[in-house]
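If you want the building blocks of each chain, they are given just below.
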Amino acid sequence: MHLRLALWLLSMTTLLAFATRALAQPLPIQFFDPSIEAAGMGGASIAAFWEENPNDHANPALMGFQSGLRYSYGSTQLVPEFDDEVAYKSHRILAGAWGVGVAMSGKPIESIGRIGIEYGPSTITDIDGNEIGVFDAHERIRSFAVGLSVFDLISSIRVAKGGEPLPLSRRLSLALGHAWKSYETDLAPVELLPNGHGEGNNNDAGILLRIAPFDQIGGTLRDANDRMRWKVDVAGAYTRTDYLNDHGIVYADGSSDDLFEHRSIGASTQLTAALANDGIGDLWDFATPSIRLSVAWEKIDVYEEGNKQGDLGNRVGGEISVLDMLFLRYGHVDGDAFDGEGNTYGGGFQLKYRNMVGVKGDFASYPRAGFFSGTEFERWGLTFFVDPYRLMKKGAN
């Protein structure tokens, strides 16, 4: 177990040695992001309003654009050169409708979702070398995020009352979000390593403003039309993650460590081309007649107890979506002790039926740092999607 921990921490930082308490700090998991899509785009996602799996860990306001019910799974082997069992895994439940969305990974119900680093089972022995049990070392984040898209919600309320949708909602979005998180690090039985077991709570908050200065498409991409139509969206976002960290992580021996707060600004733009689709037939039951080009940028500053400690450089990336089936991503991260430096790339494939049910797979390659500089994380994700509201409407018809 100690070899696994040392290799992992060494891979995530440029330091060559740590004090005993440093081994217990949950810094690696704090700096890791569960979004496979974002990883393919250089990690730039706080203003990525178009992603079908909103990255609530980057910006909880993105949950305001969530529609339907999703289960998203992700897996990243951290040190495959030494141990295949050391992995970062995420199980996220996303749900949303009418401009309100939530993301759950271990909160408010512990059994719903989970995000963490699993170090694998280790055998515990007594002083004579006799096996006395097996311990699964891990670090986990449990979170519950809520996002609200203000004008989409107002529009949904108007429709529910028998009125017309709010025209402004097609041109303008203002999304707000908040997340409640708890950290847990459990590296050894508390009797053997009291400062290897710690817990703490934190919060995230974010805001996003989207404007569509040019829109020929209107309310839907699926309207039959014999010509190509265009739309341009631009967005800006600001987030504070892991704030209110006065207490940080408190360990079983009474010691504590602060968590780092991140303050980020970001921007994005998306060009959508709605394809001419007259006479295509049933093909559009499984695809969307559009091509999208999206670009995102963000900058992250690191704070500890309100004092700026540095930054994590600039992140930039882009995505091309073809028919909402094929996704290609590319990006660049400037580099820091935790994220590495270099180019990123990724892709995905999605198959869904009339936006009611579907499945999506994603892959990303992201640079590693420290001892493993010059190599990449290979990240995989799988998402299952269903929209109960659309299914009920279809059943009623």
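Only a predicted model underlies this, so the values are computations on that prediction, with no experimental measurement involved. (Residues numbered from 1 in each chain as written. Predicted model: local features only at pLDDT ≥ 70, side-chain atom pairs only at ≥ 80, totals over all residues. Heavy atoms only, no water.)

1. Some remarks on the overall build of the protein chain
Along its length, the protein chain carries 7 helices and 17 strands. Across the 397 residues that make up the protein chain, the buried fraction comes to 54%. A sequence separation of at least 24 residues applies to 65% of the contacts in the protein chain between residues at least 6 apart. When the accessible surface of the protein chain is split by element, carbon and sulfur atoms take 59% of a total near 17400 Å². (Helix = DSSP H or I, 4+ residues; strand = E, 2+ residues; numbered from the N terminus. Buried < 20%, exposed > 50% of the residue type's maximum accessible area, 1.4 Å probe, protein only. Contact = heavy atoms within 4.5 Å. Areas by Shrake-Rupley, 256 points an atom, 1.4 Å probe, with all protein chains shown as cover.)

2. Regarding empty space enclosed by the protein
As enumerated under the stated definition, the model contains 3 cavities of 30 Å³ or more in all. Of the voids in this model, the second largest cavity is the one considered here, and its volume is about 70 Å³. Lining the second largest cavity are 14 residues, with P34, I36, E37, S72 and Y73 sitting closest to its centre. Where the lining of the second largest cavity is concerned, the elements lending two or more residues are α4 (36-40), β1 (68-77), β2 (87-97) and β17 (376-386). Here the residues of the lining of the second largest cavity sort into 4 nonpolar, 7 polar and 3 charged. (1 Å grid on protein atoms, 1.4 Å probe; cavity = no way out; pocket = protein on both sides within 12 Å on 5 of 7 lines; lining within 4 Å. Points joined across faces, edges and corners; volume = space filled by probe spheres on them. Nonpolar A, V, L, I, M, F, W, Y, C, P; charged D, E, K, R; others polar.)

3. Some remarks on the side chain of T76
Here T76 is to be found in strand β1. Discounting chain neighbours no more than four positions away, the residues touching T76 are F32, V86, A87, Y88, F377, E378 and R379.

4. Digging into the pairing of strand β3 (residues 100-105)
Within a regular strand, side chains alternate between the sheet's two faces. Where burial is concerned, most of β3 is hidden: 5 out of the 6 residues are buried. Pairing of β2 with β3, which is carried by 5 bridges, proceeds in the antiparallel orientation. Its bridge partner lying in β3, A95 is registered against V102. Between β2 and β3, which pair antiparallel and follow one another directly, the connecting turn spans 2 residues, one of which, W98, has a positive phi of 60°. Pairing of β3 with strand β5 (residues 131-149), which is carried by 6 bridges, proceeds in the antiparallel orientation. (Pairing = 2+ DSSP bridges.)

5. Comments concerning unusual backbone geometry
For the bond running from K107 to P108, omega is 0°, close enough to zero to count as cis. For P108, the position within the fold is in the loop between β3 and β4 (114-125). Backbone geometry places D324, a non-glycine residue, at a positive phi of 55°. Mapped onto the elements, D324 comes out in the loop between β13 (307-322) and β14 (326-333). Look at R354: it is not a glycine, yet its phi comes out positive at around 45°.

6. Let's talk about the pattern of salt bridges
Following the criterion strictly, the structure yields 22 salt bridges and no others. Residue D204 is joined to K181 by a salt bridge in which the shortest nitrogen-to-oxygen separation is 3.2 Å. With a gap of 23 residues between them, D204 in strand β7 (residues 197-215) and K181 in strand β6 (residues 172-186) connect regions that are remote in the sequence. Judged by its relative accessible area of 0%, D204 is buried. Of the charged contacts, one joins E319 and R329 as a salt bridge, the two residues approaching to 2.6 Å between their closest N and O atoms. Of this pair, E319 sits in strand β13 while R329 sits in strand β14; the two residues are 10 residues apart in sequence, bridging distant segments of the chain. Of the two residues, E319 and R329, both sit in the buried class. (Salt bridge = Lys/Arg side-chain N within 4 Å of Asp/Glu carboxyl O.)

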